[in-house]
Amino acid sequence: MKSIIWAMALAAFFPCSSYAEDSMIVTTQLGALLAAEDACSMSYDKDAIQRYIEKKVAADDLNFASMLPLMVKGQQVQIEQMSDSSKSAFCIQQRRAAKKLGFVQ
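Residues numbered from 1 in each chain as written. Predicted model: local features only at pLDDT ≥ 70, side-chain atom pairs only at ≥ 80, totals over all residues. Heavy atoms only, no water.

Novice: Before we go on, may I ask you to explain the overall build of the protein chain in this structure?
Specialist: Broken down by element type, the protein chain carries 5 helices and 0 strands. Taken from N to C terminus, the helices and strands of the protein chain fall in the order α-α-α-α-α. When burial is assessed residue by residue, the protein chain has 34% of its 105 residues classed as buried. Taking as baseline every contact in the protein chain between residues at least 6 positions apart, the subset at least 24 positions apart corresponds to 74%. With the model as given, the accessible surface of the protein chain reaches about 7000 Å², and the carbon-plus-sulfur share is 57%. (Helix = DSSP H or I, 4+ residues; strand = E, 2+ residues; numbered from the N terminus. Buried < 20%, exposed > 50% of the residue type's maximum accessible area, 1.4 Å probe, protein only. Contact = heavy atoms within 4.5 Å. Areas by Shrake-Rupley, 256 points an atom, 1.4 Å probe, with all protein chains shown as cover.)

Okay, structure coming up:
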């Protein structure tokens, strides 16, 4: 049921277009990565996050700033409900992605 509500909320904010889909993907992925920072005991380089946003998010994307907190909070809730093994797997991949993107050294 929660998944349906999330999908409906997201559909309301993002019209069906390639631009909107790309924006949604970036927002969702960055939200998961930002939620992982504390949950996976990482500390990110804020300048690296800025560079990522400047590269991936269009300057006229008015949805990004309002949707990002929703994505981060949603991922935090999911992390809290993960088993130890699931959280371990999640954190392993998020550490790899954060390192690849230059968020962590």
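Novice: Explanation requested: the environment of Gly-102 in the structure shown.
Specialist: Within the fold, Gly-102 resides in the segment after helix H5 (84-100). It is 9.1 Å that separates the C-alpha atoms of Gly-102 and Tyr-52, two residues lying 50 residues apart in sequence. When sequence neighbours within four positions are dropped, the list of residues in contact with Gly-102 reads Asp-45 and Ala-48.

Novice: I tried to follow the state of the cysteines on my own but got confused; where do I start?
Specialist: Should the sulfur atoms of two cysteines be covalently bonded, the bond is a disulfide. In the structure shown here, the tally under the stated rule is 1 disulfide. At a sulfur-sulfur separation of 2.0 Å, the disulfide partner of Cys-40 is Cys-91. Across the S-S bond linking Cys-40 and Cys-91, the dihedral sits near -75°, which makes this disulfide left-handed. One end of the pair, Cys-40, is in the loop between helix H2 (18-39) and helix H3 (46-56); the other, Cys-91, is in helix H5, with 51 residues separating them in the sequence. The burial state of Cys-40 is the same as that of Cys-91; both residues are buried. (Disulfide = S-S within 2.5 Å.)

Novice: Mind showing me how you'd approach the pattern of salt bridges here?
Specialist: Here the idea is simple: oppositely charged side chains can pair when their charged atoms come close. Applying the stated criterion across every chain yields a total of 1 salt bridge. Note that Glu-37 is salt-bridged to Lys-46, the shortest N-O span being 3.4 Å. With a relative accessible area of 52%, Lys-46 lands in the exposed category. (Salt bridge = Lys/Arg side-chain N within 4 Å of Asp/Glu carboxyl O.)

Novice: What is the right way to read unusual backbone geometry from this model?
Specialist: What is expected of a backbone is that most residues other than glycine have negative phi and most peptide bonds are trans. Its identity as a non-glycine residue notwithstanding, Ser-41 has a phi of 55°, on the positive side. Its relative accessible area of 68% is what places Ser-41 among the exposed residues.

Novice: Before we go on, may I ask you to explain the confidence of the model for the protein chain in this structure?
Specialist: It should be kept in mind that the predicted coordinates are not to be read in detail where pLDDT is low. Predicted confidence across the protein chain gives a mean pLDDT of 87, with 80% of residues reaching 70 or more. The least confident element of the protein chain is helix H1 (residues 2-13), whose mean pLDDT is 54; the most confident is H5, at 97. (pLDDT = per-residue confidence, 0-100.)

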